[in-house]
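# Examination of the molecular architecture
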Amino acid sequence: DFLPLKCDACEDIFCKDHIRCDDHECGSAYKKNVQVPVCPLCNAPIPVQRGEIPDAVVGAHMDKDCNYNPAQQKQRIFTNKCLKPGCKRKEMMKVVCEQCGGNFCIKHRHPLDHDCRGSSRPISKA
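Residues numbered from 1 in each chain as written. Predicted model: local features only at pLDDT ≥ 70, side-chain atom pairs only at ≥ 80, totals over all residues. Heavy atoms only, no water.

### Let's talk about the overall build of the chain
For clarity, the cut-off: In this description a helix means any DSSP run of H or I spanning at least four residues, a strand means any run of E spanning at least two, and both kinds are numbered starting from the N terminus. Partly exposed describes any residue whose relative accessible area lies between the buried limit of under 20% and the exposed limit of over 50%, with all areas from a 1.4 Å probe on protein chains only and scaled to the type maximum. Throughout, a contact is declared for two residues whenever any of their heavy atoms are within 4.5 Å. For every accessible area listed, the method is Shrake-Rupley and the probe measures 1.4 Å; residues are considered covered only by the protein chains on display.
In terms of helices and strands, the chain carries one helix and four strands. Each helix and strand of the chain, ordered N terminal to C terminal, gives the series β-β-α-β-β. The buried share among the 126 residues of the chain stands at 24%. In the chain, the proportion of contacts linking residues at least 24 apart, taken out of those at least 6 apart, comes to 11%. Roughly 10200 Å² of accessible area belongs to the chain as shown, and the carbon and sulfur atoms make up 50% of that amount.

Below, the structure is given as structure tokens:
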């Protein structure tokens, strides 16, 4: 009852029950995949041309063009040291005091907590 349908990946003819690539185990299903693969080492998107197998292109990138640097993976995240004397805490992001402009940890971020010398009178403690 149904007209034959042409698979837009392998261009074979199928009925409506088998037109999906999964239903007829299409060997050319990768041609319809429009996702951009990402290198598992350097996290760079790898452009894949139509008709190319993504795994092969990513493998070739890893062999030749990959900028993976294992030393870069060990970079420290918490680099913003608190300026309060005696405090050794570090934060991922800068927490700058609006009065003195110093960088402090979350515990010492308020002017009263780090003995702020930025203005004549400190603001109230939060």
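### Notes on helix α1 (residues 54–64)
To be explicit about the condition: This arc describes the spread of directions from the helix axis toward the C-beta atoms.
Looking only at α1, the buried set comprises V57, V58 and H61. Within α1, the buried residues cover an arc of 95° as seen down the axis, which keeps them to one side. Opposite the packed face of α1, turned more than 90 degrees from it, sit the exposed residues D55, A56, D63 and K64.

### Observations concerning the pattern of salt bridges
The cut-off we apply is this: The working definition used for a salt bridge is a side-chain nitrogen of Lys or Arg within 4 Å of a carboxyl oxygen of Asp or Glu.
Across all of its chains, the model carries five salt bridges by this definition. The partner of D22 in a salt bridge is R20, and the shortest N-O contact between them spans 3.3 Å. Judged by its relative accessible area of 48%, R20 falls in the partly exposed class.

### A word on the environment of R109
Operational definition: Polar contact is the term for a pair of N or O atoms within 3.5 Å; when the atoms are in protein, one must be able to donate a hydrogen and the other to accept it, and sequence-neighboring residues count only if both atoms are side-chain atoms.
By the element assignment, R109 lies in the segment after β4 (90–91). Distance from R109 to C82, taken between C-alpha atoms, is 8.9 Å for residues 27 residues apart in sequence. In contact with R109, other than residues within four places in its own chain, are V95, F104 and H114. Here the side chain of R109 touches I106 through a polar contact of 2.7 Å, landing on its backbone oxygen.

### Quick notes on a nonpolar patch on the surface
Selection rule: Patch building starts from residues that exceed 30% relative accessible area and form no salt bridge, then joins like charges within 9 Å and nonpolar side chains (Val, Leu, Ile, Met, Phe, Trp, Tyr) within 5 Å.
On the surface, I77, F78, M92 and M93 cluster together to form a nonpolar patch covering roughly 460 Å² of accessible area. Relative to the helices and strands, M92 resides in the segment after β4.

### Focus: the environment of R117
Tracing the sequence through the fold places R117 in the segment after β4. A residue is classified by how much of its surface remains accessible, and R117, at 75% relative accessible area, is exposed. Spatially, the C-alpha atom of R117 lies 6.4 Å from that of C100, the residues being 17 residues apart in sequence.

### Considering the environment of C87
Here C87 lies in the loop between β3 (80–81) and β4. A C-alpha to C-alpha distance of 8.5 Å links C87 and C105, two positions 18 residues apart in sequence. The contact partners of C87, leaving out residues within four places of it in the chain, are K81, C82, C105 and H108.

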